[in-house]
Structures are given as structure tokens and as C-alpha cells.
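# Architecture and fold: a report
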Amino acid sequence: MTDSSSASSLIIGGAASSPRAPLTTLPPLALYIHIPWCVRKCPYCDFNSHTASPVLPEQEYVDAMLADLDQDLHAVYGRELSSIFFGGGTPSLFSAEALGRLLEGVKQRIPFADDIEITLEANPGTFEQEKFVAYRKLGINRLSIGIQSFQQEKLKALGRIHNGDEAVRAAGMARQAGFDNFNLDLMHGLPDQSLDDALSDLRQAIELKPTHISWYQLTLEPNTVFWNQPPVLPEDDTLWDIQEAGQALLAEHGYAQYEVSAYAQPGRPARHNLNYWSFGDFIGIGAGAHGKLSHPDGRIVRTWKTRLPKDYLNPAKSFQAGEKALTNDEMPFEFLMNALRLTAGVESRLYPERTGLPLESLDEHRREAEQSGLLQVEPSRLAATERGQLFLNDLLQKFLS
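Nothing here was measured: the structure is a model prediction, and the numbers come from that model.

Across its full length, the protein holds 15 helices and 16 strands. The C-alpha atoms of the protein give 21 Å as radius of gyration, which agrees with the globular expectation for 401 residues (21 Å, within 12%). Taking the principal axes of its C-alpha atoms as reference, the protein extends roughly 55 × 55 × 40 Å. A total of 401 residues make up the protein; the buried ones form 54% of that total. Expressed as a percentage of contacts within the protein between residues at least 6 apart in sequence, the contacts between residues at least 24 apart total 73%. As displayed, the protein has an accessible area near 17,400 Å², and 50% of this comes from carbon and sulfur atoms. Treating the 36 positive side-chain charges of the protein as one cloud and the 52 negative ones as another, the clouds have centres 4 Å apart.

Written as C-alpha cells, this is what we have:
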């Protein structure tokens, strides 16, 4: 899940004087569940993940997450869950029994939509056919498989625990277990990666016929091994060639780009992530999970939970580490940094509906962004141009004072 809390302190010009109206319609509600343990921490990973001990505290952690959820129920307001996402870490380290008990506890507290999407992140090194059949029987109906590459030297450089053959088998086992909707996670711009290397990975992924491919460039993040010991990455010209050729290859095989790094077959975008990008609501439970909840009086509050598993499991400590109510000044950036990631953007009416602020409060900066060729001149939509998608940070800067 994308952590956007660092943007909350940025100030937007032109919005402070606009009154915020009560929210007559609350946005869809989703649930993010963070399971923080991995077999091994990857050198590029800046997520809240921790090396697993031989025996995971499944029962205690499920109990804690349900107690954590109880504390957020006041903000549900009778809504049902449209999606659930198990992220991590590696959620597939947990047994089907533990995940089943958690899902049953969640359902007792919040009703599920009839067509709810429930996604589980999994890594090829954790695939066991029997376990994944059991996951499917629980109602988990979508997998996101962390492949990253099919090439052994690249996987070794990334610190992954699986090999290319295991990655291929994982996709096959997912389908055999009854998952007809699954994502493959792939990186490009890997250490010493050539254009041919990157396209070979993409072709292999496409051959496995996933409904969705997340294809994104490796970046060096602070507080990671790669940040302190940077590998040799491809030159900018090579990265540009990879991006252009990869997008063309995906389009050729029916994978439409609907977000900066997300490509889907028709009707198969990730509904959970679409909710994030359209400024929907989500409860976050588990160590370090983030949430965003809207209230009928117009308040919109971001929350974050205690980060270290040992503290999260300590009954003497609070589940919630902090919260922040978004101000009028912060609202435009908070909304646009999500909505403008979508290649088609969002309908303009969504801005007042989800923020309580008038659309006119964006006018001055919207005109400036349109004149710069970064924002589409389309009154009924808020959407970046092709150039704006390439220079998204520059586009968002137009809304900062």
C-alpha cells in the first residue's frame, strides 16, 4: 500500500478560504490488513516488513487485529466492505486457518458486499498447492504474486528467495487452485538490466496470462540496503527505451495501462487500488497499517498504527500510533496525488463529493496546469495529459504554493 502521509504537510494555495461542506455521500469503504513478516527482507524494500521467526504468532496477531478493528468501527457508519487487501510482508506465510478466523471476525463486524474483492499478496517461495486451495475456499478471490523477475541473476541481485521456474509454477498453481483473477508484480530498471532482459521478463509474464500486471521501475529508497550500498542501475536512455517498449508490448497483448504502473485486461483493474486512487476510504489494521476515513461532518482523518510487531502485540501499548485530520489547505494535494495517477483521471464531480470543497477552489491552479500542457482541458474530468503523466511531480507542483 502506498504511504502518502509524508505529503500531508504540504500547503496548497487557494483552498484555505473555501468552506468545507458536510459529506452527503460517504465514499466506498475498503480494509487493508498488514501482515509484517517475510522469510527474508529484500535489499530494496522500504515497507514495514520483518524477518519471520520459525513459528509465527498467528493466533495472537489475529486477536490483536480484530481488537484493532473494533476501535475503528465507529467510523464505518453502516457501510459495507467493497474490498479487502492482505499486504505485507508476505501474508501467504500465514495459514489458511488463521486467515479464515480473521476474515470471519471481520465479517461479523462489517458486512461484505456481494461482489467483494479479496486480494492476498503471495511470493513464489511460499506457494503450497493445498494451502492456496484452502485460501480460495475462504473467499479470497484474487492473488498478487511477487515475481519481480524470472531471471536468476536478477532475482539473486534483488535478494529474492525463489527462482524463475518457481515463479512460473506459482502462476500455474494459482490457476489450479481456482484463482481466475491474479496479478503478477514485475520490476524493471534492475541492476545491469538491458532492454532485452526487461522485455524477456514481460513476455514471460504475459505468457502466463495473468489478468493484471504491475510493472514498475526499481527505485532506491532511504533506509534500505540498496540506499546505503547502491547497485549499478541502467542509464536513463536505457530506462526510457525499456518503458516505451514495455508499454507497447503490454498494449499489444491487451493489457491497458490505467495507472502509472498498473496494466489490466478488460474489466480486471484492481478494485482495491482504484478505491485508493479515487480518494475512497479504507481502514488499516495490523502493524504499521495506514487508514483514511471520512466522516459525515466533513472531517477526513488519516491514521497509522503501531509499527513494530512486538509493540503491536503488547497489550500495554495502543494499536494506533497517530492520526491527522486533513485541513482545507492539504485537501487538493491529498486528492490529486491519488486521482492523477489514473491515466483517465476522475470525474470532476468527485472532488467536491469526496472532499467537501467546491470545485472552483482549484480553478486558478487548474488553469495554470492546463496552460502548461500537463492537465487536460476538460471541465468534466481531472486528468493529466500524456506529458503530465510523464512529469506527474511537476503537475502536482502547480497546486502547491
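Right, let's talk about the packing of aromatic side chains for a bit. As enumerated under the stated definition, the model contains 13 aromatic pairs in all. Taking 6.1 Å as the distance between ring centres and 80° as the angle between the ring planes, the aromatic pair formed by Y61 and F94 counts as edge-to-face. Here Y61, found in helix α1 (residues 58–70), pairs with F94, found in the loop between β4 (81–88) and α2 (96–109); they are 33 residues apart in sequence, far enough to count as distant. For the residue pair Y61 and F94, the accessibility class agrees, reading buried in each case. Connected via pairs of aromatic rings, a cluster forms that spans W37, Y61, F94, Y312 and F319. When the ring centre of F279 is taken as origin, the NZ or CZ atom of K292, which lies over that ring, is 3.9 Å away.

There is a patch of nonpolar side chains on the surface, built from W240, L390 and F391 and spanning about 320 Å² of accessible area. Positionally, W240 belongs in helix α8 (residues 236–252). A relative accessible area of 42% places W240 in the partly exposed class.

On the surface, a cluster of negative charge is contributed by E235, D236, D237, D241 and E244. Within the secondary structure layout, E235 lies in the loop between α7 (225–228) and α8. For E235, a relative accessible area of 61% translates into the label exposed.

On to the confidence of the model for the protein, then. Across the protein, the average pLDDT comes to 92, with 95% of residues at or above 70. Counted against residues more than four places away or in other chains, residues 1–17, with its pLDDT under 50, gives 42 contacts.

This part is about helix α11 (residues 331–339). Judged by how many residues are buried, α11 sits mostly within the fold: nine of nine residues are covered. Taken together, the buried residues of α11 touch α9 (271–277), β13 (300–305), β15 (346–347), α12 (350–355), β16 (381–382) and α15 (392–397).

For the rest of this paragraph, the subject is the side chain of H34. With respect to the secondary-structure elements, H34 resides in strand β1 (residues 29–35). Within the local environment of H34, its side chain forms a polar contact with the backbone oxygen of N48, the two atoms lying 2.8 Å apart. Dropping the residues within four chain positions of it, H34 is found in contact with N48, Y61, M65, G87, G88, G89, I285, G286, A287 and A289.

In this section: the pairing of strand β6 (residues 142–148). Here is the key point about a regular strand: its side chains alternate between the two faces of the sheet. For β6, the buried fraction is high: seven of the seven residues fall into the buried class. Neither face of β6 is exposed, since R142, S144, G146 and Q148 on one face and L143, I145 and I147 on the opposite face are all buried. As paired elements, strand β5 (residues 112–122) and β6 share four bridges and run parallel to each other. Following the sheet pairing, L120 is matched in β6 by L143.

For the coordinates displayed, the defined rule picks out zero disulfides. Lacking any disulfide linkage, C38 is separated from the closest cysteine sulfur, that of C45, by 6.3 Å.

What follows concerns the nonpolar core. Core analysis: the largest hydrophobic core is formed by 66 residues, its most contacted members being I84 and F86. Counting residues in hydrophobic clusters, the runner-up holds 38 residues, among them W277, F335, L342 and F399.

Further remarks concern the pairing of β4. The buried fraction of β4 is high, at seven of eight residues. Across seven bridges, β1 lies against β4 in parallel orientation. Its bridge partner being in β4, Y32 is matched across the sheet by F85. In terms of strand pairing, β4 meets β5 through five bridges, oriented parallel. In the strand pairing of β5, I84 is matched with I118. Taking the sense of rotation as the criterion, the β-α-β connection linking β4, α2 and β5 turns out right-handed.

Further remarks concern the packing of helix α6 (residues 195–207) against α8. In the contact formed by α6 and α8, the axes pass within 9 Å of each other and the chain directions differ by 25°. In terms of orientation, α6 and α8 fall into the roughly parallel class. By crossing handedness, the relation of α6 to α8 is classed as right-handed. When α6 is examined against α8, the residues L195, A198, L199, L202, R203 and I206 are found in contact with a partner set consisting of T238, D241, I242, A245, G246, L249 and L250. Tallied by class, the residues present in the contact of α6 with α8 amount to nine nonpolar, two polar and two charged.

Procedures and definitions
Residue positions within a chain follow its written sequence, with the count starting from 1. It should be noted that, the model being predicted, local features are given only for residues of pLDDT at least 70 and side-chain atom pairs only at 80 or more, the latter also being counted only at that level, while totals for whole chains, interfaces and linings use all residues. As a rule here, side-chain values come from all non-hydrogen atoms in the structure, and water together with hydrogens is ignored. Runs of E in the DSSP output that reach at least two residues are strands. Runs of H or I that reach at least four are helices, and both are numbered from the N terminus. In this treatment the radius of gyration is a C-alpha quantity, and the globule benchmark scales as 2.2 Å times the residue count to the 0.38 power. Each residue gets one of three labels from its accessible area relative to the maximum for its type: buried under 20%, exposed over 50%, partly exposed in between, using a 1.4 Å probe on protein chains only. Here, two residues are considered to be in contact whenever any of their heavy atoms come within 4.5 Å of each other. Only the protein chains shown count as covering a residue, and every accessible area follows the Shrake-Rupley method with a 1.4 Å probe. A residue counts as positive if it is Lys or Arg and as negative if it is Asp or Glu; His and the chain ends are not included. We put the charge of a Lys on NZ, of an Arg on CZ, of an Asp on CG and of a Glu on CD. By convention, a stacked pair of Phe, Tyr or Trp rings (six-membered ring in the case of Trp) has centres within 6.5 Å and planes under 30 degrees apart, an edge-to-face pair has planes over 60 apart, and any other such pair is tilted. Two conditions define a charge sitting above a ring: the NZ of Lys or the CZ of Arg must be within 6 Å of the ring centre, and it must be within 35 degrees of the ring normal. Surface patches are defined over residues having more than 30% relative accessible area and no salt bridge, joining like charges when they lie within 9 Å and nonpolar side chains (Val, Leu, Ile, Met, Phe, Trp, Tyr) when within 5 Å. Every case where a carboxyl oxygen of Asp or Glu lies within 4 Å of a side-chain nitrogen of Lys or Arg is listed as a salt bridge. A residue's pLDDT is simply how confident the predictor is in it, with values from 0 to 100. Identification of polar contacts relies on pairs of N or O atoms within 3.5 Å, with a donor-acceptor requirement for protein atoms, meaning one able to donate a hydrogen and the other able to accept it, and with residues adjacent in sequence counted only if both atoms are side-chain atoms. Strands were regarded as paired on the criterion that DSSP finds at least two bridges between them. Put simply, a disulfide is two cysteine sulfurs that come within 2.5 Å. Among buried residues, those of type Ala, Val, Leu, Ile, Met, Phe, Trp, Tyr and Cys that are joined through side-chain atoms within 4.5 Å constitute a nonpolar core. With the strands pointing away from the viewer, any crossover whose connection runs clockwise from the first strand over the helix to the second is right-handed. Orientation is described by axes fitted as lines to C-alpha atoms, over the contacting stretch for helices, and by angles from 0 to 180 degrees between their N-to-C directions. Throughout, the term roughly parallel applies to angles under 35 degrees, roughly antiparallel to angles over 145, roughly perpendicular to angles from 65 to 115, and oblique to all others. Helix crossings fall into two classes, left-handed where the near helix is turned counterclockwise from the far one by less than a right angle and right-handed where it is turned clockwise. We call Asp, Glu, Lys and Arg charged. Ala, Val, Leu, Ile, Met, Phe, Trp, Tyr, Cys and Pro are nonpolar, and the rest, Gly among them, are polar.

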